[in-house]
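What follows is each chain in one-letter form.
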Amino acid sequence: MFSAVLDNRRFRSWSGQILLLGGFAALLLWLVNNTVTNLDARGIRVGFDFLWRPANFPISESVLPYNPSDNFLWAYVTGVGNTLAISVLAIFLSTALGLLVGLARRSKHPLTSGVAGVFVTTMRNMPLIVHLLFWYALATTALPAPREAYNPLPGVFLSLRGFYIPALELDALAWAMLCLVIVVTWGAWRLRHHLFGSGRWHERHPVLALLGLTAAVALGAALLLRPGAVVSFPEIRGFNFTGGLRLSPEFAALMLGLVIYTSAFIGEIIRGGIDAVAIGQWEAGRAIGLSERHTLTKIIIPQALRIIIPPMTSQYLSTVKNTTLALAVGYPELGLVVGTVINQTGQAIESMALLLGIFLSISIAVSLFMNWYNAHVALVEAR
Amino acid sequence: MMNWKLGIAALATALSATAATAGPTLDKVKERGRIVCGASQGTVGFGSPDDKGYWTGLDVETCRAVAVAIFGDKDKVEFVPLSGQQRIPALQTGEIDILPRTLTWTLQRDANGINFTTPTYYEFTGFMVSKASGVTKVEEMTGASVCVQTGSTTEVVVNDVSTKLNLQLNPVVFDNVAATRQAFFSGRCDALITDAAALASVRATQSDNPDDYVIFPATKYMDALTPAVRHGDDNWMDIVNWSIQALLNAELYGITQANIDEMMTSDDPRVKRFLGVEPGNGKALGLGDEFAYNIVKQLGNYGEIFDRNLGAGSALKIERGPNRLFSDGGLMFPMAFQ
């Protein structure tokens, strides 16, 4: 009778799973219990109430406004903001560069494909940290001191302290107007057939007509409402430049390193995807009289995308995680901020848990988006 | 780069069932045959390996003093180089026994799992700037970029000074010592901030021409650099405390490495108790009665250690200043050895 129960397939599969789950829960419980006991024995306080204390430490640059008198929670948010900003920018730029590299690798011109091949081989085979340190060393040794800054155009300065350009400073009203102009232009473009009728000159030159219309509306509104817009020029005052828009050497080194390194991988993914589309598809495109460019964009790329997306998802996830190497060049992404918080508060376990949670959320969001996009471009077969 | 090490430290806390709390540290150390100390990643004068790989420096010798107290041998020590960020978790998780690593005594650190012993060095946090900039005091630093190393109290000092004097300092924060210093010397920052003695060390050993740089205090407040131990082992804390006290007391009594054997015949009851001629002190700590004798015999007194690592006998030539004994007008105060 006992052997009958053991031989039951349902029983075996269920009991196996229950045992596994129970074992896992026990392990987790043991870990948590252990941690709490050990922390208690060593007199380490645990809890998240430190998040509401003032941080008191500086963050050298941030996308979100940050002041050392803000609390630790906001310091985390600032770190997350920086991490997201560099991740998104790095992914966007390396995809653009990677596409060029991938296409260049396929070029029939030996020089183009040769250069792209050398680029991929060298960049892909150097560790990312070496890229970052190289660019940072270059940015901080090859450029002149702020007083002897290169000044190629009025208001543009390049020095050890970064790259400065004039900035347009808009007030809230000006921002609102700018957004409105963009929305109106986009709407008008979509509805151009209804707006302008057909056969007239602005039907033949819709871009000109649109620009004229927008300019007239914007000028009229500007004269009526007088929004605040000031151009701020960088100028050297005391030790450093003030005013203008600044690209720090840390940010520049990080971006260059990340984008060049990642684009070498992305280039190969794209080339591989395109090469995987059967040669017959190219021949079919030519046979129906499409140009090379149209064959590529209308026939080959939509099919190649299906092959490209899954490895691309992994690449994007790596890029997000690779941003943590920024601390080597002093860019304050989340990892650097968390390190500082641990040192200021001693709350290592809570901080590491937050770091893990945040990176897991970002990575899951990226992969969910990519999965959705993958389903979107997937071949819809007849049912 | 350093964060995964911290992660491992945190994980180690989670995994080590009772390893670190099993019995007093002294038993563990005796069983192991050596003590393990946290050390800097190379701050000449406080802790760095010399050209033969032998660790020297004030912090290092403090640690050696404890080794002498326990084993009678200054070389029964292992040094683990740690970054500013790693050092406290390393102590908390039991990776090291003592943390003498230019560690400033602060309330938050003290309250959070570590105990401070006896200060071994008092000093200002300082700024180093190039002489060419013409700056000689903090008030003239408006708008300056400052290279800061994360994991130190200086991050907070930069912010405090900047806010108080409305200087609008631009901090550039790095994770490791070498990158911070390299960025300063390459001109990425106008100033480098850290403990004044560490600045003197950096200037003497890493600049092309030390005379091109000036150092001045960042605040009027002074820090006490103090070796720390873990919570929960009072006997171990006593041993570290009184090993440091032995160095200070020896200087007060005029006992040096050279004259210690003559001092054994001294009539002064305090000296007799100190050297273990009159027994009882060592036993009370669980050590041999001759532990203080051994420390001074092998390492010298505090003044000798200071002189050889930081003062006139070293490349740094730092003044004793507040680190003189109270009897010479300084802050160093030896407690009664009885």
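Cut-off values and rules
Residues numbered from 1 in each chain as written. Chains lettered and ligands numbered in written order. Predicted model: local features only at pLDDT ≥ 70, side-chain atom pairs only at ≥ 80, totals over all residues. Heavy atoms only, no water. Domains from an automatic or database assignment. Contact = heavy atoms within 4.5 Å. Buried area = accessible area lost by both parts, 1.4 Å probe. Disulfide = S-S within 2.5 Å. Helix = DSSP H or I, 4+ residues; strand = E, 2+ residues; numbered from the N terminus. Buried < 20%, exposed > 50% of the residue type's maximum accessible area, 1.4 Å probe, protein only. UniProt positions renumbered as here; feature names shortened; annotations may be inferred. Expected span 1.5 Å × (residues − 1). Pairing = 2+ DSSP bridges. Axes fitted to C-alpha atoms, helices over the stretch in contact; angles between N-to-C directions. Salt bridge = Lys/Arg side-chain N within 4 Å of Asp/Glu carboxyl O. Polar contact = N/O pair within 3.5 Å; in protein donor to acceptor, adjacent residues only side chain to side chain. Nonpolar A, V, L, I, M, F, W, Y, C, P; charged D, E, K, R; others polar.

**What about the domain arrangement of chain B?**
All names here are of chain B.
(1) Moving on: Domain parsing of chain B yields domain 1 (3-120 + 226-328) and domain 2 (124-222).
(2) Moving on: Here the C-alpha centre of domain 2 lies 29 Å away from the C-alpha centre of domain 1.
(3) Moving on: Taken together, the contacts link 16 residues of domain 1 with 16 residues of domain 2.
(4) Moving on: Both faces considered, domain 1 and domain 2 share a buried interface measuring about 1200 Å² in area, 58% of it formed by carbon and sulfur atoms.
(5) Moving on: Of all residues in domain 1, Thr43, Gln85 and Leu316 bury the most surface against domain 2, accounting for 30% of the area lost on that side.

**Comments concerning the state of the cysteines**
Residue and element names in this part refer to chain B.
(1) Moving on: Evaluated as defined, the whole model comprises two disulfides over all chains.
(2) Moving on: The disulfide bridge from Cys37 ends at Cys63, spanning 1.5 Å between sulfur atoms. Taking the sign of the torsion about the S-S bond as the criterion, the disulfide between Cys37 and Cys63, at about 65°, is right-handed. Here Cys37 is found in strand E1 (residues 35-39), whereas its partner Cys63 is found in helix H3 (residues 58-71), with 26 residues between them in sequence.
(3) Moving on: Overall, the relative accessible area of 0% leaves Cys37 in the buried class.
(4) Moving on: Each sulfur of the disulfide joining Cys147 and Cys189 lies 1.9 Å from the other. The sign of the 75° torsion about the S-S bond sets the Cys147-Cys189 disulfide as right-handed. With Cys147 in strand E7 (residues 145-149) and Cys189 in the loop between helix H7 (177-186) and strand E9 (191-195), the pair connects residues that are 42 residues apart, well separated along the chain.
(5) Moving on: On the basis of relative accessible area, Cys189 is assigned to the buried category, the value being 4%.
(6) Moving on: Should the bonded cysteines of chain B be numbered as they appear in the sequence, the pairing reads 1-2, 3-4.

**Focus: the UniProt feature "transmembrane region" (unreviewed entry) in chain A**
All names here are of chain A.
(1) Moving on: This chain's UniProt record puts "transmembrane region" (unreviewed entry) on residues 12-32, 73-104, 125-143, 163-186, 207-225, 251-270 and 353-373.
(2) Moving on: The span residues 163-186 is 62% helical and 29% strand by assignment, and the distance between its end C-alpha atoms comes to 33 Å.
(3) Moving on: What you have in residues 353-373 is 100% helix and 0% strand, and the ends, taken at the C-alpha atoms, are 30 Å apart.

**Some points on helix H6 (residues 154-165) of chain B**
(1) Moving on: Compared with the 16 Å implied by 1.5 Å per residue over twelve residues, the 16 Å span of H6(B) between its first and last C-alpha is a close match.
(2) Moving on: In this structure, the buried residues of H6(B) make contact with helix H13 (334-345) of chain A together with strand E6 (121-130), E7, strand E8 (170-174), E9 and strand E10 (213-225) of chain B.
(3) Moving on: Looking at the residues trailing H6(B), positive phi occurs at B:Asn166, about 50°.

**Let's talk about the sheet that holds strand E1 (residues 157-159) of chain A**
All names here are of chain A.
(1) Moving on: Across the sheet, three strands lie side by side as E1-E2-E7; this open sheet has antiparallel pairing. The sheet is open, and its two borders are formed by E1 and strand E7 (245-247), each paired with just one other strand. Neighbour to neighbour, the strand axes of the sheet diverge by 15° on average, direction disregarded.

**What about the domain arrangement of chain A?**
All names here are of chain A.
(1) Moving on: On domain assignment, one finds that chain A holds domain 1 (72-166 + 242-377) and domain 2 (167-232).
(2) Moving on: Measuring from the centre of the C-alpha atoms in domain 1 to the corresponding centre in domain 2 gives 33 Å.
(3) Moving on: Each side of the interface is counted separately: domain 1 has five residues, and domain 2 has four residues.
(4) Moving on: Carbon and sulfur atoms supply 57% of the area that domain 1 and domain 2 bury against each other, a total of about 240 Å² over both sides.
(5) Moving on: Together, Pro166, Gly244 and Leu245 form the three largest contributors to the area buried by domain 1 at its contact with domain 2, with a combined 92%.
(6) Moving on: On the surface where domain 1 and domain 2 come into contact, there are zero salt bridges.
(7) Moving on: Here domain 1 and domain 2 share zero residue pairs in polar contact (both at pLDDT 80 or more) between them.
(8) Moving on: Per-class residue counts for the side of domain 1 that touches domain 2 are three nonpolar, two polar and no charged.

**Brief notes about the sheet that holds E6(B)**
All names here are of chain B.
(1) Moving on: In space, the five strands of this open sheet follow the order E8-E7-E9-E6-E10, with mixed pairing throughout. The open sheet is flanked by E8 and E10, the only strands paired with a single partner. If you compare each strand with its neighbour and ignore which way they point, the axes differ by 25° on average.
(2) Moving on: Bridge count between E6 and E9: five bridges; the pairing is antiparallel. When the bridges of E9 are listed, Phe127 appears paired with Ile193.
(3) Moving on: On top of the sheet, helix H8 (residues 196-206) reaches E6, E9 and E10; it is set at about 45° to E6, its chief contact.

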